[in-house]
Amino acid sequence: MSEAVIKVENLTKRFGDFTAVDHISFEVRKGEIFGFLGANGAGKTTAMRMLCGLSRPTEGHGTVAGFDIARQQEQIKKNIGYMSQKFSLYNDLKVWENIRLFAGIYGMKPKRIAAKTDELLNRLGFMAEKNTFVEKLPLGWKQKLAFSVAIFHEPQIVFLDEPTGGVDPITRRQFWELIYEAVEQGITVFVTTHYMDEAEYCDRVSIMVDGRIEALDSPRELKKRMEARSMDEVFRQLARKAQRSAD
Amino acid sequence: MRTFLFLLEKEFKQIVRNRIILAMIIALPTIQLAILPHAATYEIRHINLAVVDADHSTLSAELTAKLSASRYFNLVLAGTSYEQALELLEDGKAHLILEIPPHFEKSLRLTAKAGLMIAVDAVDGTMGSIGSSYLNQILQSFAADLIARGDIAYPDAALQARVQVIPQYRYNTQLDYKTYMVPGILVMLLTLVGGILAALNIVSEKEQGTLEQINVSPVPKQSYLLAKVIPFWIIGLLTLAIGLVIARFMYGIVPAGSLLTLYAFAAVYVVAFTGFGLLISVAAKTQQQSMFIAFFFLLIFFLMGGLFTPISSMPYWAQVITWFNPTAYLIDVVRLIVMKGSGFADLLPQFFCILGFAVVFNVWAIFGYDKTA
């Protein structure tokens, strides 16, 4: 079994009286696709933000890429990529300019950026849009671009927060092909989703209900254990216990 | 360092692509300087005056004629009924009523004394007080004319003629309000450009979600903020240059002091206000909040900054407040440089105050900005 790149113990986040994330513990191994599932409001995004150094844990500890999530956030940030739920490239910058900016702030050299940009755009069949303002791109392409930007600097781990919201199944499938390519390069993928077909693509999934992790295993094991035919059924069985209303 | 250059490149591209901002950089100084100095003037003219003449004498007619010839007054009524004049005052059509009582000429000729009544609409206090003082001046000069002509015998006529005060206005010899207003407006421009643009900037990245992408990267927050300050700083100084050119050609105002000194102050001041804007931007969650907070402070800065009303005539507690107003220092400084020709050495205390604000606002913005919530 390969080493763990994310280790979390009793991680908790409270906002006033509300416990968004309630003592969760898990490990993510190098090179795997780890699915982080849960209904809206289950605490997925909050947990992920703590792992990325965007939010401080209230309790518990953990490491990402070997750095402490409570104290070494800026070290973690050097070693990860992140794609948020809300599309977040600069709309008023062109495709190549967005790549150049984000690669640049991760310390890549301009020459290397230029060469790799062309290589990437060719591979994606996206060379014609090099000079297009990101604003003008269709959503599916924006998502592919945002993902490519998130792994452009070759991070150890990439965090994806509901990366495929709002696009059709074919576009989602294409997106997942990019994820597999990233895994082949040795990048660990941590992805939240509430599409159960996507859950099937993951090596292991955890399912969060009301801030706690209710189940964690490979999709196959989970289905076997819960005597379910699909991940969808697994999810329904677990999510039924939820007390919290979705936001 | 390289990270910083990438960020700076991004900020410049974004600003240059923002047509509205570019248009505003030209429009703001042009329009403000073309309109405000004319509109925001203390020189009060066109005061509506109603004269009620109950005397019907040569002298009362002469007085009425003198008043109507004055460029300060519009004669809206020259009648005999006080009721009618009062009606005009109540309708807001007259600001002042001058009542010439019966036997005005007779009493003046016989006793060298005569009463006149002035009624003032004090709703617009400035108009009322300045109007009545203009009216007094004209009445004084009317009396002096009469004495000079020998129409009335005034015992101390010779004495009065000798003691006449002739003021000499230094630094603004014509007492031209435009010369007084233009430096203030230049400061206002610098404040608006730095403050408002910066106040909206980071918070708009918050709304678009791009700030999160920056926060999750290893970018040092100082680099990120500094890359924001520099373009606004250049825009601010550019606006000042445009403003100075307009002041030169539209009003013939050329700074009496050194341009270098002026720019040294402006440079530090724009850094201060960009920092102020960034601080608001860091604290606010939406552009709406940011705008509202910025306006709250900018209005106070302008009204308490000596732009329209002199700080020295404010009550002491209000003067204390102006010590914490960076705009007050710069308005003072720019007037001194432009009108009086003060040099850098004369203005050191103000320089250090403005520098202090620049440091405080920017450092506060850096500490207030937390990449990890």
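Every value quoted in this text rests on a predicted model; they were computed, and no experiment measured them.

### Overview of the sheet that holds strand β10 (residues 212-217) of chain A
Residue and element names in this part refer to chain A.
Stage number 1. In space, the six strands of this open sheet follow the order β6-β7-β8-β3-β9-β10, with mixed pairing throughout. One side of each edge strand has no neighbouring strand; the edge strands of this open sheet are β6 (80-83) and β10. This sheet shows a mean twist of 15 degrees between the axes of neighbouring strands, independent of strand direction.
Stage number 2. Across five bridges, strand β3 (residues 33-38) lies against strand β8 (residues 188-193) in parallel orientation. Bridge assignment links Phe34 to a residue of β8, and that residue is Phe190.
Stage number 3. Sitting on the sheet, helix α5 (residues 139-151) is in contact with β6 and β7 (157-161), with an inclination near 165 degrees to β6.

### Details of the pairing of strand β1 (residues 4-15) of chain A
All names here are of chain A.
Stage number 1. Where β1 lies against strand β2 (residues 18-29), eight bridges are found, and the strand directions are antiparallel. Bridging across to β2, Ala4 finds its partner in Arg29.
Stage number 2. Between the end of β1 and the start of β2, which pair antiparallel, lie two residues, with Gly16 showing a positive phi angle near 65 degrees.
Stage number 3. Here β1 runs beside strand β4 (residues 59-64); their pairing, made up of five bridges, is antiparallel. By the bridge assignment for β4, Val8 is matched with Gly62.

### A look at a nonpolar patch on the surface
Residue and element names in this part refer to chain B.
Stage number 1. A cluster of nonpolar residues, Phe344, Leu348, Phe352, Leu355, Val359, Val363 and Phe367, forms a patch on the protein surface that exposes about 640 Å² of accessible area.
Stage number 2. Mapped onto the secondary structure, Phe344 falls in the loop between α14 (326-340) and α15 (348-368).
Stage number 3. Using a relative accessible area of 32% as the deciding quantity, one classes Phe344 as partly exposed.

### Points about the confidence of the model for chain B
Stage number 1. The predicted model of chain B averages 85 in pLDDT, with 92% of residues at 70 or higher.
Stage number 2. Scored as a whole, the predicted complex attains pTM 0.80, and scored at its interfaces, ipTM 0.90.

### A short note on the domain arrangement of chain B
Stage number 1. As far as domains go, chain B holds domain 1 (2-40 + 174-368) and domain 2 (47-162).
Stage number 2. Averaged C-alpha coordinates put domain 1 of chain B and domain 2 of chain B at centres separated by 48 Å.

### Overview of the interface of chain A and chain B
Stage number 1. The interface of chain A with chain B comprises 36 residues on the first partner and 27 residues on the second.
Stage number 2. When chain A packs against chain B, close to 2800 Å² is buried across both sides, 54% of that on carbon and sulfur atoms.
Stage number 3. Interface area lost by chain A to chain B is led by Leu54(A), Tyr90(A) and Ile105(A), which between them contribute 23%.
Stage number 4. Run the count over chain A and chain B and you get six salt bridges.
Stage number 5. As a salt-bridge pair, Arg56(A) and Asp370(B) come within 3.2 Å of each other at their nearest N and O atoms.
Stage number 6. Counting only elements with at least two residues in the side of chain A that touches chain B, the list comes to α2 (73-79), β6, α3 (95-105) and α4 (110-124) of chain A.

### Notes on the sheet that holds β4(A)
Strands pair in a sheet through their backbones, by hydrogen bonds, and they do so in one of two ways: parallel or antiparallel.
All names here are of chain A.
Stage number 1. On the basis of which strands lie adjacent, the open sheet formed by four strands has the order β2-β1-β4-β5 and antiparallel pairing. The open sheet has two free edges, formed respectively by β2 and β5 (67-68), since each of these has just one partner strand.
Stage number 2. Helix α1 (residues 44-51) contacts β1, β2 and β4 of the sheet and is inclined by roughly 120 degrees relative to β1.

### Overview of the nonpolar core
Generally speaking, nonpolar side chains in soluble globular proteins are found buried as a group.
Stage number 1. Judged by nonpolar contacts, the single largest core of 157 residues is most densely connected at Ile6(A), Phe26(A), Val64(A), Phe147(A), Phe159(A) and Phe190(A).
Stage number 2. Element by element, the count of residues in this core is highest for helix α8 (residues 177-208) of chain B, at 15 residues.
Stage number 3. The contacts of Phe26(A), once residues within four sequence positions are left out, are Ile6(A), Lys7(A), Val8(A), Phe34(A), Phe36(A), Leu51(A), Phe190(A), Ile213(A) and Leu216(A).

### Some thoughts on the packing of helix α10 (residues 221-251) of chain B against α15(B)
Residue and element names in this part refer to chain B.
Stage number 1. Contact pair α10 / α15: the axes reach a minimum separation of 10 Å and the direction vectors enclose 135 degrees. By the criterion of interaxial angle, the relationship of α10 to α15 is oblique. Handedness of the crossing formed by α10 with α15: right-handed. Taking contact as the criterion, the partners of Lys221, Gln222, Leu225 and Val229 in α10 are, on α15, Asn362, Ala365, Ile366 and Phe367.
Stage number 2. A per-class count over the contact of α10 with α15 returns five nonpolar, two polar and one charged.

Each value, and the rule that gives it
Residues numbered from 1 in each chain as written. Chains lettered and ligands numbered in written order. Predicted model: local features only at pLDDT ≥ 70, side-chain atom pairs only at ≥ 80, totals over all residues. Heavy atoms only, no water. Pairing = 2+ DSSP bridges. Helix = DSSP H or I, 4+ residues; strand = E, 2+ residues; numbered from the N terminus. Axes fitted to C-alpha atoms, helices over the stretch in contact; angles between N-to-C directions. Contact = heavy atoms within 4.5 Å. Patch = residues over 30% accessible without salt bridge, like charges linked within 9 Å, V, L, I, M, F, W, Y side chains within 5 Å. Areas by Shrake-Rupley, 256 points an atom, 1.4 Å probe, with all protein chains shown as cover. Salt bridge = Lys/Arg side-chain N within 4 Å of Asp/Glu carboxyl O. Buried < 20%, exposed > 50% of the residue type's maximum accessible area, 1.4 Å probe, protein only. pLDDT = per-residue confidence, 0-100. Domains from an automatic or database assignment. Buried area = accessible area lost by both parts, 1.4 Å probe. Core = buried A, V, L, I, M, F, W, Y, C linked by side-chain atoms within 4.5 Å. Parallel < 35°, antiparallel > 145°, perpendicular 65-115°, else oblique. Left-handed = near helix turned anticlockwise from the far one by under 90°. Nonpolar A, V, L, I, M, F, W, Y, C, P; charged D, E, K, R; others polar.

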